[in-house]
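Each chain is listed here by its residues.
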Amino acid sequence: MGPQRVSVPSGTTGSELAALLRPAAEVLREGGVVAFPTETVYGLGASALDPAAVEAVFRAKGRPSDNPLIVHVSDLDGARPLAREVTPLAAKLAGAFWPGPLTLVLDADRTVPRITTGGLDTVAVRAPDHAVARELIRQSGVPLAAPSANRSGRPSPTTAAHVAADFPAGVDIIVDAGPCAVGIESTVVDCRGRDPVILRPGSITAEQLGTATPAALTGGLPDLAASPGTRHAHYRPAARVHVADIGSGPSRVAELVEQGTPVGYLGLTPVTDVSGVRILGMPRDTRDLAHLLYAALRQADDWGLEDVVIEAVPPIGVGVAVMDRIRRAAG
Ligand code: TXA
Ligand code: MG
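Note that the coordinates shown come from a computational prediction; the quantities given were computed from them, not determined experimentally. Positions within a chain are numbered from 1, following the residues in the order the chain's sequence is written. Each chain gets a letter, beginning with A, and each ligand a number, beginning with 1, in the order they are written. Local features in this predicted model are restricted to residues of pLDDT 70 or higher, and side-chain atom pairs are both shown and tallied only at a pLDDT of 80 or more, whereas totals for entire chains, interfaces and linings draw on every residue. Values shown for side chains rest on all heavy atoms present in the structure; no hydrogens or waters enter the calculation.

Trainee: Tell me about the overall build of the protein, and name the residues and values.
Mentor: Per the secondary structure count, the protein includes 12 helices and 14 strands. Only C-alpha atoms enter the radius of gyration, while the globule expectation follows 2.2 Å times N to the 0.38, with N the number of residues. For 331 residues, the compact-globule estimate of 2.2 N^0.38 gives 20 Å, and the protein sits close to it at 20 Å. Overall size of the protein, expressed as C-alpha extent along the three principal axes, is 60 × 50 × 35 Å. In this scheme, a residue with accessible area under 20% of its type's maximum is buried, one over 50% is exposed, and one in between is partly exposed, where area comes from a 1.4 Å probe on protein chains only. The proportion of buried residues among the 331 residues of the protein is 53%. Total accessible area computed for the protein in this model is approximately 13,800 Å², and 53% of it derives from carbon and sulfur atoms. Segments assigned H or I by DSSP are reported as helices when at least four residues long, segments assigned E as strands when at least two residues long, and all are numbered from the N terminus. Here the Shrake-Rupley method, with its probe set to 1.4 Å, supplies the accessible areas, and only the displayed protein chains count as covering residues.

Right under this line is the structure:
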């Protein structure tokens, strides 16, 4: 049986939302799997404290068991029981950026099932900034383990339609509240020490972290070995993804069009002669490109494109996370 769909129209009030989400919260409490929107991407949620429910999430995604899940909570008080210690650094970052697209890695409390943490003795927690996610956490009364709601190796979903395309089965309910505002995932930061270490670049930038903790700016490159998810193949569409240098998207497109295969384009520099090219997006800035990226990769597959040109963006601010995702898509 396919997933049940619950639609949340824009303008839904707090009490209407509570009523609409009652069945989904009930399913979560009873160990089921619910896909729901966050401000970043859609998540595939289950009770983080219920090993069988978490197992169902891994199974539905086809996710390797050594890749831990992020646990979603309402606030720092919701995170406390999951961590052995909420470090001063974690408290400071949560104070500055929660609710929001920042995930904090801490030593895990014994009560967090090891299936949730991918066998690690650390736990990743975040408070999402989305009314639906927050109401589900509140009503279900449990912290929600929720990886991005895509089959493993597919682009993250930014609409309910993306989720439905990846999960004809294996999910009890999909909550549809329209497209996600941000479009790329949260920043994952190891907060166990005195200084933050970025494990996965994301929507909150190193510069933003630096305003709360100056050391984030001097922390150097992300320690990629420490975030298990960064080892696994990711976001790879069927098309070949060509990363064009900044400003040279249109000329790269022209070269490929000459070879006669269908070419898609996503980039900041406008392509003006559009014959022979399918436009996946011409965003106005890097944030806007981040917002469109995953939908564009899925669109490329739906159109059966063989080549896609994505123009590089300056690797500053959210551009760091965008280039990380584009490079992964290019393989
Ligand atoms: O924005 C987001 O973070 C979305 C929404 C749904 O919240 N979630 C998301 O989850 O992107 P997922 O599972 O697709 O990516 C989680 C990342 C992976 O790279 C994983 O390895 C890392 O977080 N992670 C989770 N727990 C960790 C831990 N204890 N230590 C280090 N990395 C961890
Ligand atoms: Mg993911």
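Moving on from the model shown.
Trainee: Which residues make up the sheet that holds strand β6 (residues 122-126), and what values go with them?
Mentor: Strand order in this open sheet of 10 strands is β1-β8-β2-β3-β7-β4-β6-β5-β9-β10, and the pairing throughout is mixed. At either margin of the open sheet sits one strand with a lone partner, and together these are β1 (4-7) and β10 (197-200). Whether two strands pair depends on DSSP finding at least two bridges between them. Where strand β5 (residues 102-107) and strand β9 (residues 187-190) come together, 4 bridges link them in parallel fashion. Note that in β9 the partner of L102 across the bridge is T187. Where helix α2 (residues 22-29) meets the sheet, it contacts β2 (34-37), β3 (42-47), β7 (144-145) and β8 (173-176), and its direction lies at approximately 140 degrees from that of β8. In the packing of helix α3 (residues 51-61) onto the sheet, the strands contacted are β3 and β7, and the crossing angle to β3 comes to about 145 degrees. We call two residues in contact whenever any of their non-hydrogen atoms come within 4.5 Å of each other. In this analysis an axis means a line fitted to C-alpha atoms, helices contributing only their contacting stretch, and an angle means the value between N-to-C directions, from 0 to 180 degrees.

Trainee: Quick rundown of helix α12 (residues 319-330)? Include the residues and the values.
Mentor: Taking 1.5 Å per residue, 12 residues should reach 16 Å; α12 reaches 16 Å between its end C-alpha atoms and fits that length. Buried within α12 are the following residues: G319, A321, V322, M323, D324, R325, I326, R328 and A329. Contacts from the buried residues of α12 go to β10, β11 (240-244), α11 (286-302) and β14 (307-311). Of the residues one or two after α12, G331 is the one with positive phi, at around 80 degrees. What a helix is expected to span follows from its residue count: subtract one and scale by 1.5 Å.

Trainee: Can you lay out the sheet that holds β11 for me, pointing to particular residues and giving the numbers?
Mentor: Pairing is parallel in the open sheet, where 4 strands are placed in the order β11-β14-β12-β13. What marks the edges here is a single partner per strand, and that holds for β11 and β13 (277-281). Across the sheet, the mean angle separating the axes of adjacent strands is 25 degrees when strand polarity is ignored. As paired strands, strand β12 (residues 263-266) and β14 are joined by 4 bridges and run parallel to one another. Along β14, the bridge assignment pairs V263 with D307. Sheet contacts for helix α10 (residues 249-258): β11, β12, β13 and β14; angle to β14, the most-contacted strand, approximately 165 degrees. Against the sheet, α12 makes contact with β11 and β14, and its axis sits at roughly 140 degrees relative to β11, the strand it touches most.

Trainee: Quick rundown of unusual backbone geometry? Include the residues and the values.
Mentor: Omega for the peptide link from W98 to P99 comes to -10 degrees, which places this bond in the cis form. Mapped onto the secondary structure, P99 falls in the loop between α5 (88-97) and β5.

Trainee: Can you explain the confidence of the model for the protein? Please cite residues and give values.
Mentor: Detail in the predicted coordinates should be disregarded across regions flagged by low pLDDT. What pLDDT reports is the predictor's confidence in each residue, on a scale of 0 through 100. In this model, the protein carries an average pLDDT of 94, and 94% of its residues clear a pLDDT of 70 or more. Within the protein, helix α9 (residues 215-218) has the poorest average pLDDT of any element, 52, and strand β4 (residues 70-72) the best, 99. Within the model, the stretch residues 218-225 combines pLDDT values under 50 with 7 contacts to residues more than four positions away or in other chains.

Trainee: Give me the lowdown on the nonpolar core, citing residues and values where you can.
Mentor: The definition of a nonpolar core used throughout is a set of buried Ala, Val, Leu, Ile, Met, Phe, Trp, Tyr and Cys residues joined through side-chain atoms within 4.5 Å. If you look at the biggest cluster of nonpolar residues, it comprises 48 residues, and the most contacted ones within it are L44, L93, W98, L102 and L104. Elements supplying a minimum of two residues to this core: β3, α3, α4 (76-79), α5, β5, β6, α7 (160-166) and α8 (206-212). Here this core gets 6 residues from one element, more than from any other, and that element is α3. Look past the residues within four positions of L93 in its chain and what remains in contact with it is W98, L102, L104, V189, C191, P196, L209, A212 and T213. In this structure, V182, Y235, A239 and A300 belong to the second largest nonpolar core, which totals 26 residues.

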